Amino acid sequence: KLIQQLEKQIAELKAELKTLRGEDATVEGDIVYQDDSVIVTYNGLKENEYGDGYTINFIIENLTDKKINVGYDDESINTGFYADIVAGKKTKEVIDMYEDSDDYCPMEELESLEFCVVVSDADTYDAISTSDPVVINFAN
């Protein structure tokens, strides 16, 4: 429990640091969304191993004492992810961008990504929270 409290405080300090930097670009390690149930951290862009696209990487942390589902809604890019996360744990998730996709945007031209974070109980599917739109700005 103490570790979770400390990680929540670290996340709050990282969000404050981003504000103090005064930069619009989201950088690897920035918290892009946080509430009482989840922390979503941007974990960078990476070309995929097959050379036909790239991934937008995230780390999602469950701050609750139960298993939750985390997904995205209202994405500006017609793709997303859905993750089940055990109580008190973290997981890595990606949004895959493939060249043959209708919504594909080359990595060097990617300006921003907008989505809402949706958190629900993994057993009952009852909504826990839905964020306001989250915007990630990429540095090009």
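Just so it is clear, the model here is predicted, and its values are computed rather than measured.

> Mind showing me how you'd approach the overall build of the protein here?
Regarding its fold elements, the protein presents 1 helix and 9 strands. Listing each helix as α and each strand as β along the protein from the N terminus yields α-β-β-β-β-β-β-β-β-β. For the protein, whose C-alpha radius of gyration is 15 Å, the value lies close to the compact-globule estimate of 14 Å for 140 residues. Each principal axis of the C-alpha atoms in the protein carries an extent, and together these give about 40 × 40 × 25 Å. For the protein, the residues scored as buried account for 41% of the 140 residues in total. In the protein, once contacts between residues fewer than 6 apart in sequence are set aside, the share between residues at least 24 apart is 53%. In the form shown here, the protein has an accessible surface area of approximately 8,300 Å², with 46% of it arising from carbon and sulfur atoms. When the 11 positive and 32 negative side-chain charges of the protein are each reduced to one mean point, those points stand 12 Å apart.

> What is the right way to look at the packing of aromatic side chains in this model?
Describing an aromatic ring pair means giving the distance of the ring centres and the angle of the ring planes. Under the definition given, this model contains 6 aromatic pairs. Judged by centre distance (5.9 Å) and plane angle (70°), the ring pair of Tyr42 and Phe138 falls under edge-to-face. Highlighted residues: Tyr42 in strand E2 (residues 38-47) and Phe138 in the segment after strand E9 (134-137), separated in sequence by 96 residues. Note on Tyr72 and Phe115: the rings are 4.1 Å apart at their centroids and 50° apart in plane angle, and the pair reads as tilted. You can see Tyr72 sitting in strand E4 (residues 68-73) and its partner Phe115 sitting in strand E7 (residues 112-121), a full 43 residues away along the chain. We classify Phe115 as buried; its relative accessible area is 1%. Taken together, the ring pairs in this structure connect Tyr42, Phe58, Tyr72, Phe115 and Phe138 into an aromatic cluster.

> Looking at this structure, I do not really get the pattern of salt bridges. What am I missing?
Note on pairing: side chains with opposite charge can pair once their charged atoms come close. Across all of its chains, the model carries 2 salt bridges by this definition. Glu7 is paired through a salt bridge with Lys90; the nearest N and O atoms lie 3.5 Å apart. Taken together, the residues span a long stretch of sequence, with Glu7 in helix H1 (residues 2-21) and Lys90 in strand E6 (residues 90-98) at a distance of 83 residues. Judged by its relative accessible area of 25%, Glu7 falls in the partly exposed class. One salt bridge connects Asp121 with Lys66, and the closest N-O pair in it is separated by 3.7 Å. Residue Asp121 is found in strand E7, and its partner Lys66 is found in the loop between strand E3 (53-62) and E4; the two are separated by 55 residues along the sequence. Among the residues examined, Asp121 registers a relative accessible area of 12% and is labelled buried.

The rules behind each value
Residues numbered from 1 in each chain as written. Predicted model: local features only at pLDDT ≥ 70, side-chain atom pairs only at ≥ 80, totals over all residues. Heavy atoms only, no water. Helix = DSSP H or I, 4+ residues; strand = E, 2+ residues; numbered from the N terminus. Rg over C-alpha atoms; globule rule 2.2 N^0.38 Å. Buried < 20%, exposed > 50% of the residue type's maximum accessible area, 1.4 Å probe, protein only. Contact = heavy atoms within 4.5 Å. Areas by Shrake-Rupley, 256 points an atom, 1.4 Å probe, with all protein chains shown as cover. Lys, Arg positive; Asp, Glu negative; His and termini not counted. Charge placed at Lys NZ, Arg CZ, Asp CG, Glu CD. Phe/Tyr/Trp six-rings, centres within 6.5 Å; stacked < 30°, edge-to-face > 60°. Salt bridge = Lys/Arg side-chain N within 4 Å of Asp/Glu carboxyl O.

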